[in-house]
Amino acid sequence: MKVATTIKETRELVKAWKREGLSVGLVPTMGYLHEGHASLIRKCREENDRVVVSVFVNPTQFGPNEDLEAYPRDFKRDSELCDSLGADLIFHPEPEEMYTDPHAFVSIDTLSETLCGKTRPIHFKGVCTVVSKLFNIVQPDNAYFGQKDAQQLAIIRKMVQDLNFDIRIVGCPIIREEDGLAKSSRNTYLSPEERQAALCLSRAVKKGQELISTGCSADFVLAPMKGLIEAEPLAKIDYVSMVDALTMQPVETVDRSVLIAMAVYIGKTRLIDNFSYEI
Ligand code: AMP
């Protein structure tokens, strides 16, 4: 497995593979890899001749008061994991390699304005920009994203369609801890007490999955979910919402495929979880 820190090196390696007619898959990550990332890398390994994992804590997707500095990093462990999963290349640039000031941005307005976009107004602009850059640098045939970040996945699908990227986007299921908590690099911020409290998110997901059916009202599903979270003293709801699975706009009735998504503060840590219901 190779590690490239420059765009030039990455392009040269990928071009050589393409000349041989090999297919290339990309798994974009911010590192501090866990089993959720590993599931994407495994899927990518199954479906492509060559596997590229990017490890880059993207500064432009963090707001001014967010956790850019504190975001956990352990590149040695990440590279060992990627190697053991059969990745061929890690692209691990410094921010200076990726951004000049001023810099062009890519954004998808409507889909980015609901759910996480409300609390994190610049987040998806940063995500779209870095993912576009990674797509242009690596030019993968396939790119792998987790359903854990469901709004991000919907936005990237729309971006790929609107901007005509010739890349197949593959969505992968949420990987959870044994007790239900969705795996996240940010779970490391939780104290033991908060880690227990964080289970209210996956409990709410389970409750919502039990209640939802075609034709029922959003509130019929959301109110008991919110009730479960509000019963946890360490939890504070950012949002618990039901949106159209494609447009990310709120829906009142389950009359189409929907995403039920939430963001909840457990102490200072903001955690997300979701489930989809397809019609
Ligand atoms: P991140 O490093 O948090 O930016 O995540 C990189 C990719 O891994 C994104 O596509 C995430 O949706 C995906 N991912 C993170 N956590 C999980 C999880 N628990 N299950 C599935 N995919 C995940």
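Structure report, in brief. (Residues numbered from 1 in each chain as written. Predicted model: local features only at pLDDT ≥ 70, side-chain atom pairs only at ≥ 80, totals over all residues. Heavy atoms only, no water.)

1. Considerations on the packing of aromatic side chains
Phase 1: According to the stated counting rule, one finds 4 aromatic pairs in the structure shown.
Phase 2: Here F135 and F165 contribute two aromatic rings whose centre-to-centre distance is 5.4 Å and whose plane-to-plane angle is 75 degrees, an arrangement assigned as edge-to-face. Of this pair, F135 sits in helix α7 (residues 123–138) while F165 sits in the loop between α8 (150–162) and β6 (168–172), and the two are 30 residues apart along the sequence. Each member of the pair F135 and F165 is classed as buried. (Phe/Tyr/Trp six-rings, centres within 6.5 Å; stacked < 30°, edge-to-face > 60°. Helix = DSSP H or I, 4+ residues; strand = E, 2+ residues; numbered from the N terminus. Buried < 20%, exposed > 50% of the residue type's maximum accessible area, 1.4 Å probe, protein only.)

2. A closer look at unusual backbone geometry
Phase 1: Residues D101 and P102 are joined by a peptide bond in cis, for which omega reads 0 degrees.
Phase 2: With respect to the element layout, P102 can be found in the loop between α4 (95–98) and α5 (109–112).
Phase 3: Positive phi values are uncommon outside glycine, yet Y32 reaches one of about 50 degrees.
Phase 4: Relative to the helices and strands, Y32 is located in the loop between β2 (24–29) and α2 (35–47).
Phase 5: By relative accessible area, which is 22% here, Y32 ends up partly exposed.

3. Observations concerning the sheet that holds strand β5 (residues 142–146)
Phase 1: Spatially, β1-β4-β3-β2-β5-β6 is the arrangement adopted by the 6 strands of the open sheet, whose pairing is parallel. The sheet is open, and its two edges are formed by β1 (2–4) and β6, each paired on a single side. Averaged over all pairs of adjacent strands, the angle between their axes in this sheet comes to 25 degrees, without regard to strand direction.
Phase 2: Sheet topology note: the β1/strand β4 (residues 89–91) ladder contains 3 bridges and is parallel. Residue pairing for β4: A4 is matched across the bridge by F91.
Phase 3: In this fold helix α1 (residues 7–19) packs onto β1, β2, β3 (50–55) and β4, with an angle of close to 145 degrees to the strand it touches most, β4.
Phase 4: Sheet strands in contact with α8 are β5 and β6, and its direction is about 170 degrees off that of β6. (Pairing = 2+ DSSP bridges. Axes fitted to C-alpha atoms, helices over the stretch in contact; angles between N-to-C directions. Contact = heavy atoms within 4.5 Å.)

4. Describing the site of the ligand
Phase 1: Within the structure, the ligand sits among 17 residues, and H37, G146, D149, I175 and K183 are positioned closest to it.
Phase 2: Measuring from a nitrogen atom of the ligand, one finds a backbone N or O atom of I175 at 2.9 Å.
Phase 3: For the ligand, whose free accessible area comes to 490 Å², the fraction covered by protein is 92%.
Phase 4: Going through the elements one at a time, β2, α2 and β5 are the ones with two or more residues in the shell around the ligand.
Phase 5: The greatest single-element share of the shell around the ligand, amounting to 3 residues, is contributed by α2.
Phase 6: Here the residues of the shell around the ligand are counted per class, giving 8 nonpolar, 6 polar and 3 charged. (Near = heavy atom within 4 Å. Polar contact = N/O pair within 3.5 Å; in protein donor to acceptor, adjacent residues only side chain to side chain. Areas by Shrake-Rupley, 256 points an atom, 1.4 Å probe, with all protein chains shown as cover. Nonpolar A, V, L, I, M, F, W, Y, C, P; charged D, E, K, R; others polar.)

5. Quick notes on helix α3 (residues 75–84)
Phase 1: Here α3 has its buried residues at D78, S79 and C82. Taken end-on, α3 shows its buried residues confined to a sector of 95 degrees, consistent with a single buried face. Relative to its buried face, α3 has exposed residues pointing more than 90 degrees away, namely K76 and S84.
Phase 2: Where α3 is buried, its residues meet α2, β3 and β4.
Phase 3: Within two residues after α3, G86 carries a phi angle of roughly 85 degrees, on the positive side. (Arc of directions from axis to C-beta.)

6. Some points on the sheet that holds strand β8 (residues 258–266)
Phase 1: One open sheet holds the 3 strands; their spatial order is β7-β8-β9, and the pairing between them is antiparallel. The sheet is open, and its two edges are formed by β7 (235–244) and β9 (269–277), each paired on a single side. Each strand axis lies, on average, 15 degrees off the axis of its neighbour in the sheet, ignoring direction.
Phase 2: The sheet contact formed by β8 and β9 spans 9 bridges and is antiparallel. Following the sheet pairing, Y265 is matched in β9 by R270.
Phase 3: This element, helix α10 (residues 199–211), spans β7, β8 and β9 of the sheet and lies at about 15 degrees to β9.

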